[in-house]
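Take a look at the letters that make up each chain.
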Amino acid sequence: MVFLLTLHLMLLNGLKILINGKNINMHSSIDSYGVMGYPVSHSYSPEIHNLFALQTQQKIEYSRLQVSPDELESKIIEFKGKGGKGLNITLPHKTEVFKLADQITERASIAGAVNTLSFRNDEIFADNTDGIGLIRDLSINLKIPLKNKNILILGAGGATRGIISLILEMKPKSLLIANRTIDKAEMLANQVSHLGQVSTCPLNAIPAFKNYDLIINATSAGIRGEDSIYPTDVISNKTYCYDLSYGLKPTPFYEWAVNSGAHQSFMGWGMLVEQAAESFNIWRGIRPNTAPVLKKLITNA
Ligand code: NAP
């Protein structure tokens with residue numbers, strides 16, 4: 001037992017041991033992961049995954065990889081060829097990587113976007129963990145119920161595509177998607193109509209309705225420093241507001257929600273950590289405890 005424990009620690013720490021007079025390198029190869037984006041310097045993924053690895057005693061290395069669109073395919077193949085085990089994919093590559101995948105999960109297909117690649121048995125598996133990341137943050141961390149609730153989503157881009165099927169799975173009472181470009185909202189609603197009823201409207205024509213239980217901001221307006229239109233008469237003192245965007249300062253949506261008297265308002269830090277935990281679980285088969293990582297990330301940000 002003691003021997004096994006010692007051997008395990010040696011493997012974990014990559015130590016050399018002497019067997020039959022030979023110096024054997026017991027360095028358990030370090031599994032490589034990374035995040036590819038363009039730009040990628042803003043990504044918190046390396047910090048998050050390194051904290052997960054430390055917590056779960058997994059020996060991995062995780063790099064930030066700035067890769068332009070024209071070199072995306074070759075860089076993924078190169079990373080995999082060198083024995084890399086998995087990648088997170090961030091903007092602007094989330095849709096491009098589809099064509100490289102051998103297997104795609106249903107949630108990634110519905111999202112039309114991929115944020116997690118795994119390399120196993122010479123195959124590329126593609127997944128999207130954004131939706132489950134949001135649902136876990138809302139349901140488990142924040143204890144915000146979704147079943148039988150009225151939900152409004154602002155935006156119909158990649159992030160909304162990533163979360164919509166999982167929100168519908170929670171059986172809300174109503175789901176309205178409001179987007180600046182109405183065609184995109186309608187296309188998305190049609191695409192998921194087999195999963196549940198979704199209404200749509202233009203962002204500047206959201207009907208006044210004080211019974212929203214949850215309003216989710218999935219536009220990129222605030223984070224890009226652009227003005228957005230926020231609806232009037234949609235927030236009551238029972239409404240939760242959740243901005244997928246996050247920042248060192250309160251985002252414009254977060255501030256709008258607080259100033260409009262929302263019950264509680266949140267930024268997307270929890271979703272960020274939860275979607276990473278899901279990727280980590282896919283790669284390592286271990287679900288890290290996200291609470292201490294989230295706390296550390298927000299404190300150090
Ligand atoms: P995207 O695909 O580029 O879509 C952007 C969305 O924002 C579209 O619906 C777009 O409307 C809308 N929009 C952009 N500028 C606007 C403006 N000035 N006024 C009103 N609407 C505007 O981006 P995405 O991938 O969906 O990401 C959206 C946000 O979610 C980003 O800020 C991203 O950082 C965040 N996100 C967070 C997490 C997390 O883990 N917390 C995960 C994923 C995404 P049109 O269709 O009319 O252009």
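Keep in mind that what you see is a predicted model, and the values were worked out from it rather than measured. (Residues numbered from 1 in each chain as written. Predicted model: local features only at pLDDT ≥ 70, side-chain atom pairs only at ≥ 80, totals over all residues. Heavy atoms only, no water.)

Draft legend 1. Geometry of the pairing of strand β14 (residues 264-267). As paired strands, strand β13 (residues 240-243) and β14 are joined by 4 bridges and run parallel to one another. The residue of β14 that forms the bridge with Tyr240 is Gln264. Read from β13 through helix α8 (residues 252-259) to β14, the crossover connection turns out right-handed. (Pairing = 2+ DSSP bridges. Helix = DSSP H or I, 4+ residues; strand = E, 2+ residues; numbered from the N terminus. Right-handed = clockwise from strand over helix to strand, strands pointing away.)

Draft legend 2. Region of the structure containing the pattern of salt bridges. Scanning all chains against the criterion turns up 11 salt bridges. Asp122 is the partner of Lys80 in a salt bridge, and the nearest nitrogen-oxygen pair spans 3.0 Å. Of this pair, Lys80 sits in helix α3 (residues 72-81) while Asp122 is found in the loop between β7 (116-120) and β8 (123-127), placing the two residues 42 residues apart along the sequence. Between Asp127 and Arg107 there is a salt bridge, with the nearest N and O atoms lying 2.8 Å from each other. Separated by 20 residues along the polypeptide, Asp127 in strand β8 and Arg107 in helix α4 (residues 106-111) bring together distant segments of the chain. With a relative accessible area of 9%, Asp127 lands in the buried category. Counted as one network, the salt bridges with shared partners bring together Arg107, Asp127, Glu278 and Arg287. (Salt bridge = Lys/Arg side-chain N within 4 Å of Asp/Glu carboxyl O. Buried < 20%, exposed > 50% of the residue type's maximum accessible area, 1.4 Å probe, protein only.)

Draft legend 3. The arrangement of unusual backbone geometry in detail. Put simply, Tyr38 and Pro39 share a cis peptide bond, and its omega is 5°. Assignment of secondary structure puts Pro39 in the loop between β3 (31-37) and α2 (45-56). Look at Gln57: it is not a glycine, yet its phi comes out positive at around 55°. Checked against the element boundaries, Gln57 lands in the loop between α2 and β4 (60-66). For Gln57, a relative accessible area of 51% gives the class exposed. For Asn121, which is not glycine, the phi dihedral falls at a positive 50°. Within the secondary structure layout, Asn121 lies in the loop between β7 and β8. Given the relative accessible area of 75%, Asn121 is considered exposed.

Draft legend 4. Expanded view of the nonpolar core. Within the largest apolar cluster, 30 residues are counted, with the highest numbers of intra-cluster contacts made by Leu134, Ile153, Ile167 and Ile216. Sorting the residues of this core by element identifies α5 (130-141), β9 (150-154), α6 (158-169), β10 (174-179), α7 (182-191), β12 (214-217) and β13 as the ones contributing at least two each. Top element by residues in this core is α6. It accounts for 5 residues. Setting aside chain neighbours within four positions, we find Leu134 in contact with Ile163, Ile167, Ile216, Tyr242, Leu244 and Met271. (Core = buried A, V, L, I, M, F, W, Y, C linked by side-chain atoms within 4.5 Å. Contact = heavy atoms within 4.5 Å.)

Draft legend 5. Structural detail: α5. Given a rise of 1.5 Å per residue, 12 residues ought to cover 16 Å, and the 15 Å separating the end C-alpha atoms of α5 matches this to within 8%. Turning to α5, its buried residues number three or more, namely Asp130, Gly131, Ile132, Gly133, Leu134, Ile135, Asp137 and Leu138. Each element contacted by the buried residues of α5 is listed here: α4, α6, β12, β13 and α9 (269-284). Backbone geometry just downstream of α5 places Lys143 in the positive-phi region, at approximately 55°. (Expected span 1.5 Å × (residues − 1).)

In short, the description is geometric, and any link to function would need to be established separately.
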